[in-house]
Amino acid sequence: MTPSVMDTPAMPPTLPRKPSILERKEIARSRLFTIEQLELRFANGAERTFERLKGGGHGAVMIVAMPDPEHVLLIREYAAGFDDYVLTLPKGLVDPGEDIVTAANRELMEECGVGANSIEPLVELSLAPNYMNHRMHVLLASDLYDKRLPGDEPEPLIVETHALDEIPALLAHEEFHEGRAIAALFIAREKLRNQRQKIDWW
């Protein structure tokens, strides 16, 4: 029998060759951001000028912290980009000499007043990759205990507890809209569901 098109394994797509960087230069710098201009030539000969926010430092972490198997901690903090308060996950920069687990635990203590006996990496997310090379490490924290460290926040953060299975209700909340936090909650929920299904199967 002649195999049908549906039976034929899909061939991986041929990826285009990355454009050549003809020139790069810094066009602006602030305390937090560096804007870099790239002159690019693509494989077909087209040339374009791109600008990007160039990341520095040692990366950043975002934490899905669970005080119990059903709930997650969210923080309410002022977001200058929106000039308003937002509901999101605790997060922060990795300090020199820290690994991402140590940074995540420190940020939890600073922002939520808790530490975690168990912290595991979940995923690495990007944000607007056409314009910046910033990456965020998402970690899952559990077995929490009370512990507060002084942080650099200008005012105390409000910590809230929400059910992890009620993400649709959170999405309807006008203050909960950060894409990375939404993705992190869905990924954490699926990981925990898969773990529970394996335990139930055994």
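Refer to the structure above for everything that follows.
Counting of residues starts from 1 at the beginning of each chain's written sequence and follows it residue by residue. In view of the model being predicted, local features appear only for residues whose pLDDT reaches at least 70, and side-chain atom pairs are presented and counted only at 80 or more, with totals across whole chains, interfaces and linings using the full set of residues. Only hydrogens and water are set aside; all other atoms, that is, all heavy atoms of the structure, feed into the side-chain values.

### With respect to the sheet that holds strand β5 (residues 71-79)
Pairing within the open sheet is antiparallel, and its 3 strands lie in the order β6-β5-β10. The open sheet is flanked by β6 (84-88) and β10 (158-163), the only strands paired with a single partner. Across the sheet, the mean angle separating the axes of adjacent strands is 30° when strand polarity is ignored. As defined by bridge partners, β5 adjoins β6 across 5 bridges and the pair is classed as antiparallel. Each residue of the ladder has a partner; that of Glu77, found in β6, is Val86. In this scheme, strands are said to pair when DSSP sees at least two bridges between them. A run of H or I in DSSP counts as a helix once it spans at least four residues, and a run of E counts as a strand once it spans at least two, with each numbered from the N terminus. Axis definition: a line fit to C-alpha positions, over the contact stretch in the case of helices; interaxial angles, taken between N-to-C directions, run 0 to 180 degrees.

### Some words on the sheet that holds strand β4 (residues 60-65)
Pairing is mixed across the open sheet formed by 4 strands, whose spatial order is β7-β4-β9-β8. Pairing within the sheet leaves two strands with one partner each, and these edge strands are β7 (91-93) and β8 (114-126). On average, adjacent strands in this sheet sit at an angle of 25° to one another, irrespective of strand direction. Relative to β7, β4 runs antiparallel, the two sharing 3 bridges. Bridge pairing in β7 places Ala60 opposite Leu93. In this description, contact between two residues means that some pair of their heavy atoms is separated by no more than 4.5 Å. Contacts between helix α1 (residues 100-111) and the sheet are confined to β4, β7, β8 and β9 (135-146), with β8 contributing the most and set at about 115° to the helix.

### Description of the pairing of β5
Each residue is placed in one exposure class: buried if its accessible area under a 1.4 Å probe, protein chains only, is under 20% of its type's maximum, exposed if it is over 50%, and partly exposed if it falls in between. Across the 9 residues of β5, 7 count as buried, placing the element largely inside the fold. Note: β5 against β10, 6 bridges, orientation antiparallel. Bridge assignment links Ile75 to a residue of β10, and that residue is Val159. Counting the residues between successive antiparallel strands, the hairpin from β5 to β6 contains 4 residues, one of them, Asp83, with a positive phi of roughly 50°.

### Some points on the nonpolar core
One broad trend across soluble globular proteins is that nonpolar side chains are buried collectively. Counting 23 residues, the largest nonpolar core has Met62, Val64, Leu89, Val138, Leu140, Phe176 and Leu185 as the members making the most contacts within it. Elements with a contribution of two residues or more to this core: β4, β5, β8, β9, α2 (167-171) and α3 (179-201). Sort the elements by how many residues they give to this core and α3 lands first, with 6 residues. Other than its neighbours up to four places away in sequence, Met62 contacts Thr88, Leu89, Pro90, Lys91, Met136, His137, Val138, Leu139, Glu178, Arg180, Ala181 and Ala184. Among buried residues, the Ala, Val, Leu, Ile, Met, Phe, Trp, Tyr and Cys ones that are joined through side-chain atoms within 4.5 Å form a nonpolar core. Counting residues in hydrophobic clusters, the runner-up holds 16 residues, among them Val114, Ala116, Ile119 and Leu157.

### Concerning the environment of Lys18
As for its placement among the helices and strands, Lys18 is situated in the segment before β1 (20-29). For Lys18, a relative accessible area of 70% gives the class exposed. The spatial distance from the C-alpha of Lys18 to the C-alpha of Gln195 is 39 Å, given a sequence separation of 177 residues.

### Digging into the packing of aromatic side chains
Two aromatic rings, drawn from Phe, Tyr or Trp (for Trp, its six-membered ring), form a pair once their centres lie within 6.5 Å of each other, and the interplanar angle then sorts them: stacked below 30 degrees, edge-to-face above 60, tilted otherwise. With the rule as written, the count across this model stands at 2 aromatic pairs. On the basis of an interplanar angle of 70° and a centroid distance of 5.7 Å, the ring pair of Tyr78 and Tyr85 is categorised as edge-to-face. Judged by relative accessible area, which is 40%, Tyr78 ranks as partly exposed. The partly exposed category is assigned to Tyr85, whose relative accessible area is 36%.

### Remarks on the pairing of strand β3 (residues 47-54)
Note: strand β2 (residues 34-41) against β3, 8 bridges, orientation antiparallel. Directly across from Gln37, in β3, lies its bridge partner Glu51. Turn length for the β2-β3 hairpin, with the two strands adjacent in sequence and antiparallel, is 5 residues, and the turn residue Gly45 shows positive phi of about 95°.

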